[in-house]
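# A closer look at the structure
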Amino acid sequence: MDYKNAGVDIEAGYQSVELMKKYVKETMRPEVLGGIGGFSGAFSLDKIKNMEKPTLVSGTDGCGTKVKLAFLLDKHDTIGIDCVAMCVNDIACAGGEPLFFLDYIACGKNYPEKIATIVKGVADGCIQSGAALIGGETAEHPGLMPEDEYDLAGFAVGLVDEKDLITGKDVKEGDILIGMASSGVHSNGFSLVRKVFEMTKESLNTYYDELGTTLGEALIAPTKIYVKALRSIKEAGVTVKACSHITGGGFYENIPRMLPDGMHAMIKKDSYEVPAIFKLMQKTGNLEEKMMYNTFNMGIGMIVAVAPDDADKTMEAIKAAGETPYVVGEIKAGEKGVTLC
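As the structure is a prediction and not an experimental result, all values here were calculated from the model. (Residues numbered from 1 in each chain as written. Predicted model: local features only at pLDDT ≥ 70, side-chain atom pairs only at ≥ 80, totals over all residues. Heavy atoms only, no water.)

## Structural notes on the environment of Val32
To keep it simple, the criterion reads: In DSSP terms, a helix is any run of H or I states spanning at least four residues, a strand is any run of E spanning at least two, and both are numbered starting from the N terminus. Residue contacts are counted whenever heavy atoms from the two residues lie within 4.5 Å of one another.
Within the fold, Val32 resides in strand β1 (residues 32-33). Apart from the residues lying within four places of it in its own chain, the contact partners of Val32 are Ala42, Phe43, Ala132 and Ile134.

Here's what the structure looks like:
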């Protein structure tokens, strides 16, 4: 009896590391110290010298049951982008610049090529957000997970000067709410998605005219990373007063999180076109509209609150970063919360 016969293949682990190294190298920043494969990742904080009150911000998350879709489609090159996005978008939402990222992959059996493909997606997400992939772990769990399945989670650290933290404390009545288009369902609500649609290869490979693609391709589209858009707004000289990453809980849970007491968000549902995937899901599952907005992003992945005089500059800055913005509402005085009208 040895470790391999017990279900853990150390040699496969070594092979995975070798295959992923080329992707990890592409994410490096000048602040990264040391090479790949150490017991920890080292990152220089030299740039904090230029800040009055340097503040670390962090985020950790996974992809939820969206990984089930990756299994069914046997497509593993974008799920890593989702994992990075869920962490770095939260950091950017607080005004932070993502510095570095670490991933954790738990699998039933280590298939080196599959693991390397997952990490390629993680590296792509890191490149999109400007974060360095400085470490990670692949853990083989025979007997705990099926051999062909895995779970993926991540952790990110960012940096912001305390004075630039986005807290929502200065939100006032009349402030404008600007939303940034999502790429689809992103990485939330997939437990419901998997109940609405039949999760078979035949169903997922079915082409829908209204989607312009197959169902599977529409659902697995990677989560948008909004780091560059938020940086572009800041570089345009605009102060983002509040910011909300629209994740699990949709509009009803996430928008109030960015508001101070006494401020109420008014969202106009007709201010943008809800993507076809959500309309198809609502129709197929006979889902109530409130449940849709309480579960999914409904086509808006990030919302910022800015002063009315800054609305045009904000829209232009978002467009310059390659994202699509919409004026989706405004702030009113009232009980902390959100109204969709």
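## Some details on the pairing of strand β11 (residues 263-267)
Test applied: The cut-offs for exposure are 20% and 50% of the maximum accessible area for each residue type, with area from a 1.4 Å probe on protein chains only; residues under the lower value are buried, those over the upper are exposed, and the others partly exposed. Strands pair, by our definition, only if DSSP identifies at least two bridges between them.
Along β11, four of the five residues are buried, which leaves the element largely enclosed by surrounding structure. The pairing of β11 with strand β13 (residues 325-333) spans five bridges and is antiparallel. Across the sheet, residue Ile267 finds its bridge partner in β13, namely Gly329. One ladder, built from four bridges, connects β11 with strand β14 (residues 337-340); its direction is parallel.

## Focus: the sheet that holds strand β6 (residues 150-161)
What counts here: As a rule, the C-alpha atoms of each element are fitted with a line to give its axis, helices using only the stretch in contact, and angles between N-to-C directions run from 0 to 180 degrees.
The mixed open sheet is built from four strands, whose spatial order is β3-β6-β4-β5. Each edge of the sheet is formed by a strand with only one pairing partner; in this case those strands are β3 (54-62) and β5 (132-140). On average, adjacent strands in this sheet sit at an angle of 15° to one another, irrespective of strand direction. With nine bridges connecting them, β3 and β6 associate as antiparallel partners. Note that in β6 the partner of Leu56 across the bridge is Leu159.

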